[in-house]
Amino acid sequence: ASGFKDSLIYGGGDNLAEKLKIVQKGNTENYWVIARSLGNDLFYSFEVSASGINTTPVISTISARVFGAPFPSSITGYLAVNKSRTLIAEASGLLPEIVLYNFDNNTGVLNAAELLSTGGFFDDLPYGVEFSPDGNTLYATGGIMSTTSTYISSFDISAGIGSIAATKQDFVLNNTTNQDYGGIIKGPDGKLYMAQTNNSDLTVINDPNNFTTPNITIQSYNVGAGSAVIGVPNMPYYYHPDNFSDTLAGNNRIVCPNGQALIGDLGNDSIWGDYYWEPS
């Protein structure tokens, strides 16, 4: 869909927040561009396909709640999607809360699943949010505009909707004020990287799948010249670790000449596999 670059997809009367996420639609090659309303408690899902952009969005009304300006507001923060594309997390940005939404990636519809409180107003306003590669842990940066310590909160998604909020645990990053942490991004190595205001070194969650001891190293990754402000690139990236099935590795599969064969490893993502034929 490169021919549709810089196309205006929304010019309606509602103001949109900075929160934006791109999610694959079902098992198709189409995608949803999900945007958050600034003042109303609703989301817009725009479908993008090879034939173009559907400028008529799927609208998900979460509640009748209306946000004020500037506080409280939904204008800032991030959205994150889990590995199975069934949950979307929202860092409220200017409210001390994270919201989990059920997401139907076939229809683009969101509905509220669970509210995860992170702390007191102005003590912990979460800005960045990201799922672990396995989708079982949710991380959120805390301490935006903090008057106390700054820390990252984590939640055990595997506890199930309705029980996730009670699993909250905090990892202190700084014991001083004005050490705001912003966005979180999943890297190609399966680690999570967090930006800190006016710092060129990123804080790293080295083992995000480990809910109890995720191994957080503060300001341990230097990105070179320049420094972060608060954000990180908003990429629709999904980490896929190497996954080889011992039952198939090295085994021969005989296919008759001019016949058809279904290639794949059931339960794994065959997109990331290499297949070799002999004779070539």
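As a reminder, the structure under discussion sits directly above these lines.
What counts as what
Per-chain numbering applies: the sequence of each chain, read as written, is numbered from 1 onward. Only residues with pLDDT of at least 70 get local features here, since the model is predicted, and only at 80 or more are side-chain atom pairs given and counted; chain-wide, interface and lining totals rely on the full set of residues. Side-chain numbers here rest on the full set of heavy atoms in the structure, without hydrogens or water. A run of DSSP states H or I qualifies as a helix once it reaches four residues; a run of E qualifies as a strand once it reaches two. Both are numbered from the N-terminal end. A simple rule labels every residue: compare its accessible area, found with a 1.4 Å probe on the protein chains alone, to the largest value its type can have, and call it buried under 20%, exposed over 50%, or partly exposed in between. Here, residues are in contact when the closest pair of their heavy atoms is within 4.5 Å. Surface accessibility follows the Shrake-Rupley procedure with a 1.4 Å probe radius. Residue values consider only the protein chains on display as shielding. Any two strands with at least two DSSP-identified bridges between them are counted as paired. Inter-axis angles, ranging from 0 to 180 degrees, are taken between N-to-C directions of lines fitted to C-alpha atoms, where helices are fitted over the stretch in contact. By nonpolar core we mean a set of buried residues, namely Ala, Val, Leu, Ile, Met, Phe, Trp, Tyr and Cys, connected to one another through side-chain atoms within 4.5 Å. In the analysis that follows, any N or O atom pair within 3.5 Å is treated as a polar contact, provided that within protein one partner can donate a hydrogen and the other can accept it, and provided that, for residues neighboring in sequence, both atoms belong to side chains. Salt bridge criterion: a side-chain nitrogen from Lys or Arg within 4 Å of a carboxyl oxygen from Asp or Glu. Working definition: a ring pair exists when centres of Phe, Tyr or Trp rings (six-membered ring for Trp) sit within 6.5 Å. Plane angles under 30 degrees give stacked, over 60 give edge-to-face, the rest tilted.

What follows deals with the overall build of the protein chain. Helix and strand counts for the protein chain come out as zero helices and 17 strands. The buried share of the protein chain, reckoned over its 280 residues, is 43%. Put simply, 48% of the contacts in the protein chain that link residues at least 6 apart link residues at least 24 apart. Counting every atom, the protein chain has about 14700 Å² of accessible surface; 52% of that belongs to carbon and sulfur.

With that settled, the discussion passes to the sheet that holds strand 14 (residues 181-186). Strand order in the open sheet formed by four strands is 14-15-16-17, and the pairing between neighbours is antiparallel. Sheet topology places strand 14 and strand 17 (216-222) at the edges, where each strand pairs with a single neighbour. Averaged over all adjacent pairs, the angle separating strand axes in this sheet is 35°, with direction ignored. Direction of pairing for strand 16 (residues 201-205) relative to strand 17: antiparallel, over a ladder of four bridges. Across the sheet, Ile205 pairs through a bridge with Ile216, a residue of strand 17.

Quick look at the nonpolar core now. Counting residues in each nonpolar core, the largest one holds 23 residues, and the members touching the most others are Leu100, Leu116, Val129, Phe131, Leu138 and Ile157. Of the residues forming this core, the biggest block, three residues, is contributed by strand 7 (residues 87-91). In this structure Ile157 touches Leu87, Leu100, Phe131, Gly135, Asn136, Thr137, Leu138 and Ile164, once residues within four positions along its chain are discounted. Ranked by size, the runner-up nonpolar core spans twelve residues in total, among them Ile34, Ile62, Leu79 and Tyr101.

Within the fold, Glu130 resides in strand 10 (residues 129-131). Sequence spacing of Glu130 and Ser154 is 24 residues, and the spatial spacing of their C-alpha atoms is 9.7 Å. Excluding residues that lie within four positions of it along the chain, Glu130 makes contacts with Ala80, Val81, Thr137, Leu138, Tyr139, Ile184, Ile185, Lys186 and Leu192. Within the structure, Glu130 has its side chain in polar contact with the side chain of Lys186 (distance 3.3 Å).

On to the pattern of salt bridges, then. Enumeration according to the criterion identifies seven salt bridges in this entry. Here Lys25 makes a salt bridge to Glu47, at a shortest N to O gap of 3.0 Å. Highlighted residues: Lys25 in the loop between strand 1 (16-24) and strand 2 (31-37) and Glu47 in strand 3 (residues 40-49), separated in sequence by 22 residues. According to the relative accessible area criterion, Lys25 is buried, its value standing at 18%. The partner of Asp170 in a salt bridge is Lys168, and the shortest N-O contact between them spans 2.7 Å. With relative accessibility at 26%, the residue Lys168 sits in the partly exposed group.

It is worth spelling out the packing of aromatic side chains at this point. Enumeration over the complete set of coordinates arrives at six aromatic pairs. Centroid distance Tyr10 to Tyr44: 5.1 Å. Interplanar angle 40°. Geometry classified as tilted. Taken as a pair, Tyr10 in the segment before strand 1 and Tyr44 in strand 3 lie far apart in primary sequence, 34 residues in all. With a centroid separation of 5.0 Å and 75° between ring planes, the pair formed by Phe43 and Tyr101 is classed as edge-to-face. A residue pair is termed long-range when its members are at least 10 positions apart, and Phe43 in strand 3 and Tyr101 in strand 8 (residues 97-104) qualify at 58 residues. Pair check on accessibility: Phe43 and Tyr101 agree, each one buried.

Once that is clear, we can look at the sheet that holds strand 8. Reading across from one edge, 6-7-8-9 is the order of the four strands in this open sheet, with antiparallel pairing throughout. The open sheet terminates on both sides in strands that have one partner only, identified here as strand 6 (79-81) and strand 9 (109-117). Averaged over all pairs of adjacent strands, the angle between strand axes in this sheet comes to 25°, irrespective of strand direction. Note that strand 8 and strand 9 share eight bridges and pair antiparallel. Pairing of Phe103 across the sheet is with Leu110, part of strand 9.

The analysis is restricted to geometry; functional conclusions fall outside its scope.
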